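One-letter residues, chain by chain:
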Amino acid sequence: MSVISTAFALFVNNPHQRRHTTRSITTTIQKTLYHSSSSSNTNTNNNNNYDEQQRNNYDTGTFTSLFSSPPSKEEIDPGVVEGTDLRIVKYPHPCLRAKNDEVILPDEQEHISKLGKEMLKVMYAAEGVGLAAPQVGVNKRLMVYNPTGDSKKWLEEKILVNPKIVEFSEAKDEEMEGCLSFPQMNGEVNRSKWIKVEAMTPRGKKVKKKFKGWEAVIFQHEYDHLDGVVYIDRLADETREKVQPRLNELIEEYDGDDGAL
Ligand SMILES: [Zn+2]
C-alpha cells in the first residue's frame, strides 16, 4: 500500500486539517470519509443525539469522523442544492450501471455546459472532488472534478466531455478511495500511477494531457463511472467482504425495485 492515500470523490478536509497536510494516509483518511471535527473528537457520539450532532456539524461545515462511530445518516448528503435539481444517486441505482452515451458536440454544448456547472455545485456541496454524470442520473460521458475540492479555486475545475484514457502506466499504486454514490465506506484500489488522456471541453476544445498522482486517481475513478464500473468492483476480495455489510445497507435503503448491483 502506498504511503499516500488519496480520497476523492470524497470529502476534502476542513481548513484545520488542510493547513497541516495534504496527503498523508492518516489525514487523508479523515479527509476521505467524514471530516473529523477539529474542535472536538466526537467519535463517541453513538447515542441518540448523533443525528442532531451531524446536522449541526453540517451547518457549521464540520463532520464527525465515523471511523469509530456507527454508520448513521448521510452526513455528507447535500440533499437539495441551491441552483440545481440534480441529486446524487446512490448504489444500487441503475444509472450507475447503465450505458453512458457519447456527448454530441456542438449540438449538446449548451446543455452539457449547464449540466457540468450544476454537477460542480452538487460536488462541492457534497464535499467531493469529482463527479461523473451517471452519479446524478444522467447517462452521458461527462465528468467534472476539482482536485482541491475548493470551490474558490475554480481555476482547478475541469468539465470533461467524452474523456478517454489512451495510455496507462504499468506501475500502479494502491490508494484509499471512496465515492459519493457509496456514502460512509471506503476501500483501497489499485490504479495506474499515470495516465494519458484525451477529452473535449463542453465548448469543443480538445484536451490532451498526462495526469499523475492525485489527478490520475480522480480521473480513473470518474472514468470508470462512464463505463458503468464503480470502485467496489476493484476492491480486493478481502476488502469487498469488509464493506459488504455497508453495501447491504445501501441496497436496503434503496427504494426502487430496479437496483443494479
Ligand atoms: Zn465515484
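All figures in this text were calculated on a predicted structure; none of them were measured in a lab.

**Quick word on the nonpolar core**
Grouped together as the largest cluster of nonpolar side chains are 45 residues, with contacts concentrated most on Met119, Val122, Met123, Leu131, Met143 and Val144. Elements with a contribution of two residues or more to this core: helix 4 (109-125), strand 1 (130-132), strand 2 (142-145), strand 3 (158-168), strand 6 (194-200) and helix 5 (213-226).

**Regarding helix 5**
Across its 14 residues, helix 5 extends 20 Å between first and last C-alpha, which sits within 8% of the 20 Å expected from 1.5 Å per residue. Burial within helix 5 is extensive, with eleven of its 14 residues counted as buried. Immediately downstream of helix 5, the backbone of Gly228 shows phi near 70 degrees, a positive value.

**A short note on the environment of Asn139**
With respect to the element layout, Asn139 can be found in the loop between strand 1 and strand 2. On a C-alpha basis, the gap between Asn139 and His225 in space is 9.8 Å, while along the polypeptide they are 86 residues apart. The residues contacting Asn139, other than those within four sequence positions of it, are Cys95, Ala98, Lys99, Asn100, Asp101, Ala133 and Pro134.

**Some thoughts on unusual backbone geometry**
Residue Pro92 is bonded to the preceding Tyr91 through a cis peptide linkage, with omega at 10 degrees. Structurally, Pro92 can be placed in the loop between helix 3 (50-60) and helix 4. Residue Pro106 is bonded to the preceding Leu105 through a cis peptide linkage, with omega at 5 degrees. With respect to the helices and strands, the residue Pro106 is situated in the loop between helix 3 and helix 4. Here the phi dihedral of Asn162 falls at roughly 45 degrees; this positive angle occurs in a residue that is not glycine. Residue position: Asn162 is located in strand 3. Phi is positive for Gln184, which is not a glycine, with a value near 65 degrees.

**Digging into the confidence of the model for the chain**
Averaged over all residues, the pLDDT of the chain is 78; the fraction at 70 or higher stands at 70%. Within the model, the stretch residues 1-75 combines pLDDT values under 50 with 135 contacts to residues more than four positions away or in other chains.

**Let's talk about helix 4**
Helix length check: helix 4, at 17 residues, gives a terminal C-alpha distance of 24 Å against a target of 24 Å (1.5 Å per residue), a fit within 8%. Among the residues making up helix 4, those that are buried are Ile112, Leu115, Gly116, Met119, Leu120, Val122, Met123, Tyr124 and Ala125. Contacts from the buried residues of helix 4 go to strand 1, strand 2 and strand 3.

**What about the sheet that holds strand 2?**
Strand order in the open sheet formed by five strands is 1-2-3-6-7, and the pairing between neighbours is antiparallel. Among the strands making up the open sheet, the edge pair consists of strand 1 and strand 7 (206-212). Going from strand to strand, the sheet's axes swing by 40 degrees on average, the running direction of each strand aside. Here helix 4 sits on the sheet in contact with strand 1, strand 2 and strand 3, set at roughly 40 degrees to strand 2. This element, helix 5, spans strand 1, strand 2, strand 3, strand 6 and strand 7 of the sheet and lies at about 20 degrees to strand 1.

**Thoughts on the pairing of strand 6**
Strand direction decides the pairing type here: strand 3 and strand 6, joined by five bridges, are antiparallel. By the bridge assignment, Val161 is partnered in strand 6 with Met200. In the sheet, strand 6 pairs with strand 7 via seven bridges, with the strands oriented antiparallel. Paired with Trp194 across the two strands is Lys212, which belongs to strand 7. Between the end of strand 6 and the start of strand 7, which pair antiparallel, lie five residues, with Gly204 showing a positive phi angle near 90 degrees.

Conventions used here
- Residues numbered from 1 in each chain as written.
- Predicted model: local features only at pLDDT ≥ 70, side-chain atom pairs only at ≥ 80, totals over all residues.
- Core = buried A, V, L, I, M, F, W, Y, C linked by C-beta atoms within 7 Å.
- Buried ≥ 20, exposed ≤ 12 C-beta atoms within 10 Å, placed from the backbone.
- Helix = DSSP H or I, 4+ residues; strand = E, 2+ residues; numbered from the N terminus.
- Expected span 1.5 Å × (residues − 1).
- Contact = placed C-beta atoms within 7 Å.
- pLDDT = per-residue confidence, 0-100.
- Pairing = 2+ DSSP bridges.
- Axes fitted to C-alpha atoms, helices over the stretch in contact; angles between N-to-C directions.

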